[in-house]
Amino acid sequence: MEANSYLRNGHYSPDMSDVKKIKNALISVFYKDNLEPIVRQLSDLGIGIYSTGGTQKFIEDLGVDVTAVESLTSYPSILGGRVKTLHPKIFGGILGRRETESDVAQLEEYDIPEIDLVIVDLYPFEETVASGASEQEIIEKIDIGGISLIRAAAKNFKDVLIVPSRDEYANLLELLKTKKGESTLDERKALARKGFAISSKYDTAIHGFFLGDDTAAQEKEWEAPTNGVNHKTTLRYGENPHQNAVFIGDLDAMFDQLHGKELSYNNLLDIDAAVNLMGDFSATSFAILKHNNACGFASRDNLLDSWTDALAADPLSAFGGILITNARVEKDVAEAVDKIFFEVIIAPEYSDEALEVLKQKKNRRILIQKEVEMPTRQVRTALNGMLEQDINLKTDTIADMVTATKTEPTDAEKLDLEFAAKLVKHTKSNTIVLAKNGQLLASGVGQTSRVDALEQAITKAGKYGFSLDGAVMASDAFFPFPDCVEIAHKAGISAVIQPGGSIKDKDSVEYCDAHGVGMVLTGTRHFKH
């Protein structure tokens, strides 16, 4: 929750229809740090406070009125404190829907007070595990009541404000001081979202503890951020035969597999790269990928020409690759691609005659790609945790190009620059892409220097008989020195697209100006690791 999410020009201006005023609060926390000012503010606002155990004693010691949960439930804390708040008079007060007549009637019938604010700080399970405590001590730090309170309050966010962690105390105190015990629907929903995130993380930590070093159990129960996806497919093996692997997700929602062996781990990585790449193109196109990188790509008026020109870029690397197109595959295209060995072909549609040709190889995987909502966040393991980021959805277009040189690229060159920029975005860094007339001529992939990537691309283009005269160059990141534009120009490149941002951009621009090369800047880097 942003502390000032409810302020408009310094003044509180909510949609009054969703504003709820806190009348009663339930506080059940492990750590009491920074709780005192919240308790005092609640008291000053005349908000009733319910609590139990150590939290209740802490509040009493502050001289603030507090009602013991036990006096509300008429039931004592039992089983050594394992059961305190788990009672209908507590959860009824949290889960009761204020605008549902039958709920309100039952709350009145059973004398259940509405609880509008729930403050929880869970037992420190992960800290207890990390401390080397005994198994029994760890088990006792599995919070039951606190998790239940968070989930109940978060579920009823339309009426209840949940504060699921001491990390939110400062924001809560600001809200109480500024809004005098009122909250908006957006604020309650934002905290509910955080509550469920904390609950999920907490349960995952417990699950991980019970998995422990049990290798057999770990093979069956993979720890991964699944975003609620329960579909799990066991793969033959991982990146290498000695590695176990699963795919977590619904492949059937993404593809119809018409033929061939089951998809492997490496197939799925290549297919992911292929789908993301083709998603940036609307013209009739064909791509060939190997190890997540395009080794061939062309956009043409008809699909057969697209295939022919895509293959021309690197027929050697195409062996054993992944093929993808955004157009219907007819018999003539099927007969053309059938001449090489490939692992997978992906298309939105196939004619019956095309399928008859393609199915002649029994292991060849034939996929129909369906329309499906793709993720917008990317997660990968790193060190002893995970990295999460937005997926790179930015695609550079002609509208993003700012000409930095005296020479303005021609309209045809700008089309090729846009084409090359799309390819470079989906190629492993450091990378250089060379293109002309809607065709990938060559690329330098995954090099430790940009010069190496460029020289690799120039060498490969020459190997397959391409002239680079009038071709364009795309770079995934800026040029730290003018050496790349000099090498490219001497090879025949006439226009360049790059993000810019180097302190030596001027040197590259000056070289281009001196030799009639057009250069455009986009302002967007496209590293891919």
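Analysis parameters
Residues numbered from 1 in each chain as written. Predicted model: local features only at pLDDT ≥ 70, side-chain atom pairs only at ≥ 80, totals over all residues. Heavy atoms only, no water. Helix = DSSP H or I, 4+ residues; strand = E, 2+ residues; numbered from the N terminus. Rg over C-alpha atoms; globule rule 2.2 N^0.38 Å. Contact = heavy atoms within 4.5 Å. Areas by Shrake-Rupley, 256 points an atom, 1.4 Å probe, with all protein chains shown as cover. Buried < 20%, exposed > 50% of the residue type's maximum accessible area, 1.4 Å probe, protein only. Disulfide = S-S within 2.5 Å. Pairing = 2+ DSSP bridges. Right-handed = clockwise from strand over helix to strand, strands pointing away. Axes fitted to C-alpha atoms, helices over the stretch in contact; angles between N-to-C directions. Parallel < 35°, antiparallel > 145°, perpendicular 65-115°, else oblique. Left-handed = near helix turned anticlockwise from the far one by under 90°. Nonpolar A, V, L, I, M, F, W, Y, C, P; charged D, E, K, R; others polar.

A. Fine view of the overall build of the chain. Helix and strand counts for the chain come out as 20 helices and 25 strands. Radius of gyration (C-alpha) of the chain: 31 Å, far over the 24 Å computed for a compact globule of 529 residues. Considered along the principal axes of its C-alpha atoms, the chain spans approximately 85 × 55 × 50 Å. Expressed as a percentage of contacts within the chain between residues at least 6 apart in sequence, the contacts between residues at least 24 apart total 56%. Accessible surface for the chain amounts to roughly 26,500 Å². Of this, 50% is attributable to carbon and sulfur atoms.

B. Here's a closer look at unusual backbone geometry. A cis amide bond links Ser-429 with the next residue in sequence, Asn-430, at an omega value of -15°. In this structure, Asn-430 sits in the loop between helix H17 (411-425) and strand S21 (432-436). Phi is positive for Lys-180, which is not a glycine, with a value near 55°. Among the secondary structure elements, Lys-180 is positioned in the loop between helix H9 (169-179) and strand S9 (182-183). For Lys-180, a relative accessible area of 47% gives the class partly exposed.

C. Structural detail: the state of the cysteines. Overall, the coordinates contain zero disulfides when judged by the stated rule. With no disulfide partner, Cys-484 has as its closest neighbouring cysteine sulfur the one in Cys-512, 11 Å distant. The exposure class of Cys-512 is buried, given its relative accessible area of 1%.

D. A look at the pairing of strand S16 (residues 342-347). Most of S16 sits inside the fold, with five of its six residues counted as buried. Here four bridges tie strand S15 (residues 321-325) to S16, and the two strands are oriented parallel to one another. What sits directly across from Ile-322, in S16, is Val-344. Running through helix H15 (residues 331-337), the crossover from S15 to the neighbouring parallel element S16 is right-handed. Across four bridges, S16 lies against strand S17 (residues 365-369) in parallel orientation. Within S17, the residue paired with Ala-347 across the bridge is Ile-368.

E. Geometry of the packing of helix H8 (residues 145-155) against helix H10 (residues 185-211). Across the interface, H8 lies against H10 with an axial gap of 9 Å and an inter-helix angle of 150°. The angle between H8 and H10 falls in the class roughly antiparallel. Crossing geometry of H8 relative to H10 is assigned as left-handed. For the pair H8 and H10, contact is made by Ile-147, Ile-150, Arg-151, Ala-154 and Lys-155 and by Ala-192, Gly-195, Phe-196, Ser-199 and Tyr-202, respectively. Its residues assigned to classes, the contact of H8 with H10 comprises six nonpolar, two polar and two charged.

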